Amino acid sequence: MSLNRTYLCTIHPVGVCKKNKTNLNTETMKTSSKALIFFLALSAAIFTGCDKDDDTPDENINNTSNQFNYDDAFGVFVAIKTVSTQTIGGMTIPVEFNTATAAFMPSAGATNMIDGGDVSLNDKNLKKVQNNAYIYDDVMNPLDFSTVSWTASGKGDVPAINKTVTRGFPAYSAADALPESISKASGFSISLGNKISNADSVIVVVGSNNKSAYKIVAGNAGIISFSSADLTNVAISTTGLLSVSPYNITSQSDDSKKYYFINETVYTRMNVNITE
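As the structure is a computational prediction, the values presented were derived from the model and not from experiment.

Rules used in this analysis
- Residues numbered from 1 in each chain as written.
- Predicted model: local features only at pLDDT ≥ 70, side-chain atom pairs only at ≥ 80, totals over all residues.
- Heavy atoms only, no water.
- Buried < 20%, exposed > 50% of the residue type's maximum accessible area, 1.4 Å probe, protein only.
- Helix = DSSP H or I, 4+ residues; strand = E, 2+ residues; numbered from the N terminus.
- Pairing = 2+ DSSP bridges.
- pLDDT = per-residue confidence, 0-100.
- Contact = heavy atoms within 4.5 Å.
- Core = buried A, V, L, I, M, F, W, Y, C linked by side-chain atoms within 4.5 Å.
- Phe/Tyr/Trp six-rings, centres within 6.5 Å; stacked < 30°, edge-to-face > 60°.
- Salt bridge = Lys/Arg side-chain N within 4 Å of Asp/Glu carboxyl O.
- Patch = residues over 30% accessible without salt bridge, like charges linked within 9 Å, V, L, I, M, F, W, Y side chains within 5 Å.
- Areas by Shrake-Rupley, 256 points an atom, 1.4 Å probe, with all protein chains shown as cover.

Visitor: Go over the pairing of strand β7 (residues 149-152) with me, naming the residues and quoting the values.
Guide: Covered by surrounding structure in β7 are Trp150 and Ala152 only, the residues Ser149 and Thr151 on the alternate face being uncovered. Summarising the sheet, strand β3 (residues 119-121) and β7 pair through three bridges and their orientation is antiparallel. Counterpart to leucine 121 in the pairing with β7 is tryptophan 150.

Quick look at the structure:
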């Protein structure tokens, strides 16, 4: 499976792009995102394996999670829990929001997205934007993830799709301990170990001013480290972001086409002080 950059460069809070891991397409962001829409299939675009049409994790995922692969996908559905924290007056304040994204391709691994008809998650409709990506951005009517049931009406070459994902959401129990400051010269490490649960893989992103660095590790990794060299392109800022995003993956085939379903939890430390 091989990833095209359509997903990776669409929506991310700190500007992740597979080509150079930096510049965010700001025009795309204007047309297809709201302030709290963190990913459009970013996590869906960074996995390998998962060949089973059920909710059983593929054992190969943890062995190959550093690779960007999946050229057999005709579409992807992502349910996302976001937990953003910032420290004010010594108090860590969390803000939670649930959202969702989806996308369909005309052929496996294609670089363009197509209309797949009406898409809903738990009977709440996603909005199709200019580039045919689907997002949920109704902050006044938030999603409830007690269940995760996807429906797509289908259109053209996209079949009708129904899928209830039963794996639940992954978690990271040490989000409150994410660093408030990062030195580019020194680099940094984040302990994962037994703090991650129910995840196939984890993506960690640090960035500011639309420039970022990211790494992907297996869900059972003990630690993730960024060296000074890894942080070369990250801009110095007092308003940086650091996110830890565990995710899991299931799949289903309809009309002999593979569709992927991702449950992801995005933990973001805001206002990180990034120094030289």
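Text resumes after the structure shown.
Visitor: Please give an account of the confidence of the model for the protein chain that cites residues and values.
Guide: Averaged over every residue, the pLDDT of the protein chain is 77; the share at 70 or more is 75%. Low pLDDT (under 50) marks residues 1-69, which in the prediction has 212 contacts with non-local residues, meaning those over four places away or in another chain.

Visitor: Go over the nonpolar core, please, and point to the residues and values.
Guide: For soluble globular proteins, nonpolar side chains are generally found buried alongside one another. In this structure, Tyr172, Ile190, Leu192, Val206 and Leu242 are the most contacted members of the largest nonpolar core, which totals 26 residues. Looking at this core, the elements with two or more residues in it are β11 (188-191), β13 (201-208), β14 (211-218), β15 (223-226), β16 (237-254) and β17 (257-275). Counting 23 residues, the second largest nonpolar core, distinct from the first, contains Phe74, Leu126, Trp150 and Tyr259.

Visitor: How would you summarise the packing of aromatic side chains if you had to cite specific residues and measurements?
Guide: Under the criterion given, the structure shown has eight aromatic pairs. For the pair phenylalanine 104 and tyrosine 134, a centre-to-centre distance of 5.7 Å together with 85 degrees between the ring planes defines the contact as edge-to-face. Highlighted residues: phenylalanine 104 in strand β2 (residues 91-104) and tyrosine 134 in strand β6 (residues 134-135), separated in sequence by 30 residues. For the pair phenylalanine 104 and tyrosine 134, one class covers both residues: buried.

Visitor: Residues and numbers for the pattern of salt bridges, please.
Guide: Within this structure, the stated rule accounts for six salt bridges. The shortest N-O distance in the salt bridge between aspartate 115 and lysine 128 comes to 3.9 Å. Of this pair, aspartate 115 sits in the loop between β2 and β3 while lysine 128 sits in strand β5 (residues 127-128), and the two are 13 residues apart along the sequence. Judged by its relative accessible area of 37%, lysine 128 is partly exposed. Three or more residues joined by partner-sharing salt bridges are found here, namely Asp115, Lys128 and Lys155.

Visitor: Lay out a nonpolar patch on the surface in plain terms, naming residues and giving numbers.
Guide: A grouping of Ile88, Met91, Ile93 and Val95 is seen on the molecular surface, where their side chains present a nonpolar patch of about 370 Å² in accessible area. At three residues, the largest contribution of residues to the nonpolar patch is made by β2. Relative to the helices and strands, valine 95 is located in strand β2. Its relative accessible area of 45% is what places valine 95 among the partly exposed residues.

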